[in-house]
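Given next are the chains, with one letter for each unit.
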Amino acid sequence: MKVKSAEFIISAVNTDQYPAEGLPEVAFVGRSNVGKSSIINSLLNRRNIARTSQNPGKTRTINFFKVNDEFHFADLPGYGYAKVSKTEQAKWGGIMERYLSDREELKCILILVDIRHEPKEDDKRMYEWARHFGYECLIVATKSDKITRGKYQKQFSLIRKKLGLSGEKIIPISSLKKTGIDELWNEIADVFIK
Ligand code: GDP
């Protein structure tokens, strides 16, 4: 995918702030620090369009980007940050539920997990939630530069088993080394062409 234009649209708190142009949308979710901002920056070929989180767990908004005037990226708030209070967690849940329960434009959810680790319970819940609402998912294994290629399959099995995947693809990505970005773009493009 050639990125001709990418612009930040809005940091939305309420549903009436979501872009209403009806463009198809891909959403990004994952634990804080999984590398979500870095992947969005890499896909959009911008150094800092998605702010790399200075304050993990504190982002309680959905950030929308418009790409090539054709579709939207929705950067959903990260989860799983240890120091977040119950009130904050509940706020996160509310934001996610309002978005997931009623976003017709949403075509696919990219669930990001760190390639080095078995996914956590909250990743599993996120995947089950996405499926419950009927969305297609794509699993992105981040920071792939941190392990050797020979270890990918073992990690994929671990991820597949823990999340209970039903045939979804797992795409290894390194934002640092810029590997896997084209493959991920191809998968995203497939979603829109279907
Ligand atoms: P977010 O909280 O999910 O948005 O994560 P960030 O994109 O802010 O990244 C969290 C940390 O992981 C930062 O220190 C990044 O430099 C680092 N990071 C992100 N992607 C990669 C990657 O592909 N490889 C490596 N080695 N580090 C990464």
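Below: a short report on this structure.

Strand order in this open sheet of seven strands is β1-β3-β4-β2-β5-β6-β7, and the pairing throughout is mixed. Each having just a single partner strand, β1 (6-12) and β7 (170-172) make up the two edges of the open sheet. This sheet shows a mean twist of 25° between the axes of neighbouring strands, independent of strand direction. In this structure, strand β5 (residues 106-114) lies alongside strand β6 (residues 136-142), joined through seven bridges in parallel fashion. Opposite D114, over in β6, you have T142 as the bridge partner. Set on the sheet, helix α1 (residues 36-44) makes contact with β1, β2 (25-30), β3 (62-67), β4 (71-75), β5 and β6; between it and β2 the angle comes to about 150°. Sheet strands touched by helix α5 (residues 181-193): β2, β3, β4, β5, β6 and β7. Its angle to β5, the strand with the most contacts, is close to 155°.

Counting buried positions along β6 yields six of seven residues, so the element is predominantly enclosed. Chirality of the crossover, the property in question, places the unit of β5, helix α3 (residues 121-132) and β6 among those that are right-handed. Bridge analysis of β6 against β7 gives three bridges, and the strand direction is parallel. Across the sheet, the residue bridging to I139 is I170, located in β7. The parallel pair β6 and β7 is bridged by helix α4 (residues 152-163), and the resulting crossover is right-handed.

Here the focus is the packing of aromatic side chains. Applying the stated criterion to the full structure yields 12 aromatic pairs. Aromatic pair F71 and W185: ring centres 6.1 Å apart, planes at 65°, arrangement edge-to-face. Taken together, the positions of F71 in strand β4 and W185 in helix α5 put the pair 114 residues apart, joining distant regions of the chain. Both residues of the pair, F71 and W185, belong to the buried class. In textbook terms, an aromatic cluster arises when at least three aromatic residues are bridged by ring pairs, as seen for F28, F71, F73 and W185.

Okay, the nonpolar core next. Counting 33 residues, the largest nonpolar core has V29, I62, L76, Y99, I109, I111 and I139 as its most contacted members. Broken down by secondary-structure element, the contributors of at least two residues to this core are β2, β3, α2 (86-101), β5, α3, β6 and α4. The dominant element in this core, judged by the number of residues it contributes, is α2, at five residues. If sequence neighbours within four positions are ignored, I111 has contacts with V29, Y79, M126, Y127, C137, L138, I139 and V140. In this structure, V3, F28, F65 and V67 belong to the second largest nonpolar core, which totals 27 residues.

Turning our eyes to something else, we now look at the environment of N68. Checked against the element boundaries, N68 lands in the loop between β3 and β4. Since its relative accessible area comes to 9%, N68 is described here as buried. For the pair N68 and V26, spaced 42 residues apart in the sequence, the C-alpha separation amounts to 14 Å. For N68, the residues in contact, after removing those within four places along its chain, are M1, K2, V3, K4 and S5.

Another point: the layout of surface pockets. Approximately 300 Å³ is the volume found for the second largest pocket. Looking at the lining of the second largest pocket, the elements that each hand over two or more residues are α2 and α3. Its residues assigned to classes, the lining of the second largest pocket shows six nonpolar, four polar and four charged.

About the criteria used
- Residues numbered from 1 in each chain as written.
- Predicted model: local features only at pLDDT ≥ 70, side-chain atom pairs only at ≥ 80, totals over all residues.
- Heavy atoms only, no water.
- Pairing = 2+ DSSP bridges.
- Helix = DSSP H or I, 4+ residues; strand = E, 2+ residues; numbered from the N terminus.
- Axes fitted to C-alpha atoms, helices over the stretch in contact; angles between N-to-C directions.
- Contact = heavy atoms within 4.5 Å.
- Buried < 20%, exposed > 50% of the residue type's maximum accessible area, 1.4 Å probe, protein only.
- Right-handed = clockwise from strand over helix to strand, strands pointing away.
- Phe/Tyr/Trp six-rings, centres within 6.5 Å; stacked < 30°, edge-to-face > 60°.
- Core = buried A, V, L, I, M, F, W, Y, C linked by side-chain atoms within 4.5 Å.
- 1 Å grid on protein atoms, 1.4 Å probe; cavity = no way out; pocket = protein on both sides within 12 Å on 5 of 7 lines; lining within 4 Å.
- Points joined across faces, edges and corners; volume = space filled by probe spheres on them.
- Nonpolar A, V, L, I, M, F, W, Y, C, P; charged D, E, K, R; others polar.

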